[in-house]
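Each chain is listed here by its residues.
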Amino acid sequence: MFERGKAVRNLTADEVARGMRHDRMLLVDVREPNETVLESFPGAVLVPLSSFDPARIPDPQGREVVFACRSGKRSVTASLAAQAAGLAYDKHLAGGILGWKAAGLPTETGG
C-alpha cells in the first residue's frame, strides 16, 4: 500500500511469530478492547486505533514494530499514521489475527 511516498510492508504470521520468539519484533494490536478481551495475540501490546496516538506505542527497545488487527486493514492505517508522525514503523501483519489463526499459531482468550 502506498500513500504519498509512504509504504506498508506485509509480513506473514510465521515471520511475525518468529520475530517475536527471537525478540526482534514488538507486535502492536490496534483492535479495540472489546475484541482483544475475546481473543488476543500472545505478547502483543494494545494501542486501539479508535484512539490511536503513536506516542502510546511502548519503546520497542531495538525491536521492529509490527501492527496487527483482525484482518489487516486497520493495521495498515496505524502504520501510515505512525509514519505520518515521523516514526519508521512500516510493517504490519497481513491477514491479522485471522491469518495468525489460519497459520496454526496460538491465541489467548479471556484476557
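Residues numbered from 1 in each chain as written. Predicted model: local features only at pLDDT ≥ 70, side-chain atom pairs only at ≥ 80, totals over all residues. Heavy atoms only, no water.

J.: How would you explain the nonpolar core if you had to name every residue and give the values?
T.: Judged by nonpolar contacts, the single largest core of 14 residues is most densely connected at Val 16, Leu 27, Phe 41, Leu 93 and Trp 100. Of all the elements in the fold, those that place two or more residues in this core are α1 (13–21), β4 (25–29), β6 (64–68) and α4 (96–102). Here this core takes four residues from α1, the largest share from any one element. Ile 57, Phe 67, Cys 69 and Tyr 89 belong to the second-largest nonpolar core, a separate cluster that totals twelve residues. (Core = buried A, V, L, I, M, F, W, Y, C linked by side-chain atoms within 4.5 Å. Buried < 20%, exposed > 50% of the residue type's maximum accessible area, 1.4 Å probe, protein only. Helix = DSSP H or I, 4+ residues; strand = E, 2+ residues; numbered from the N terminus.)

J.: How would you sum up the side chain of Ser 75? Please name residues and give values.
T.: You can see Ser 75 is positioned in helix α3 (residues 73–84). Ser 75 sits in the buried class, given a relative accessible area of 0%. A distance of 2.7 Å separates the side chain of Ser 75 from the side chain of His 92, its partner in a polar contact. Contact partners of Ser 75, with chain neighbours within four places excluded, come to Val 30, Phe 67, Ala 68, Cys 69, His 92 and Leu 93. (Polar contact = N/O pair within 3.5 Å; in protein donor to acceptor, adjacent residues only side chain to side chain. Contact = heavy atoms within 4.5 Å.)

J.: So what about unusual backbone geometry? Which residues, and what values?
T.: You will see that Asp 23, though not glycine, has its phi angle at about 55 degrees, which is positive. Residue placement: Asp 23 occurs in the loop between α1 and β4. Backbone geometry places Gln 61, a non-glycine residue, at a positive phi of 50 degrees. Of note, Gln 61 is situated in the loop between β5 (45–46) and β6.

J.: Give me the pattern of salt bridges: which residues, what numbers.
T.: In total, this model carries six salt bridges according to the counting rule given. Lys 101 is paired through a salt bridge with Glu 39; the nearest N and O atoms lie 2.9 Å apart. Of this pair, Lys 101 sits in helix α4 while Glu 39 sits in the loop between α2 (33–36) and β5, placing them 62 residues apart in sequence. In this structure, the salt-bridge partner of Asp 90 is Lys 91, at a minimum N-O distance of 3.0 Å. For Lys 91, a relative accessible area of 12% puts it in the buried group. Salt bridges linked by common partners bring Glu 64, Asp 90 and Lys 91 together as one network. (Salt bridge = Lys/Arg side-chain N within 4 Å of Asp/Glu carboxyl O.)

J.: Pulling in residues and values, what's your account of the sheet that holds strand β7 (residues 91–93)?
T.: Across a sheet, strands are paired by hydrogen bonds formed along the backbone, either parallel or antiparallel in direction. Read across the sheet, five strands follow the order β3-β7-β6-β4-β5 without closing on themselves; strand pairing throughout is parallel. Sheet topology places β3 (9–11) and β5 at the edges, where each strand pairs with a single neighbour. The sheet contact formed by β6 and β7 spans two bridges and is parallel. Its bridge partner lying in β7, Val 66 is registered against Lys 91. Docked against the sheet, α3 engages β6 and β7, running at close to 140 degrees with respect to β6. (Pairing = 2+ DSSP bridges. Axes fitted to C-alpha atoms, helices over the stretch in contact; angles between N-to-C directions.)

Such coordinate-based values are descriptive only and should not be taken to indicate function.
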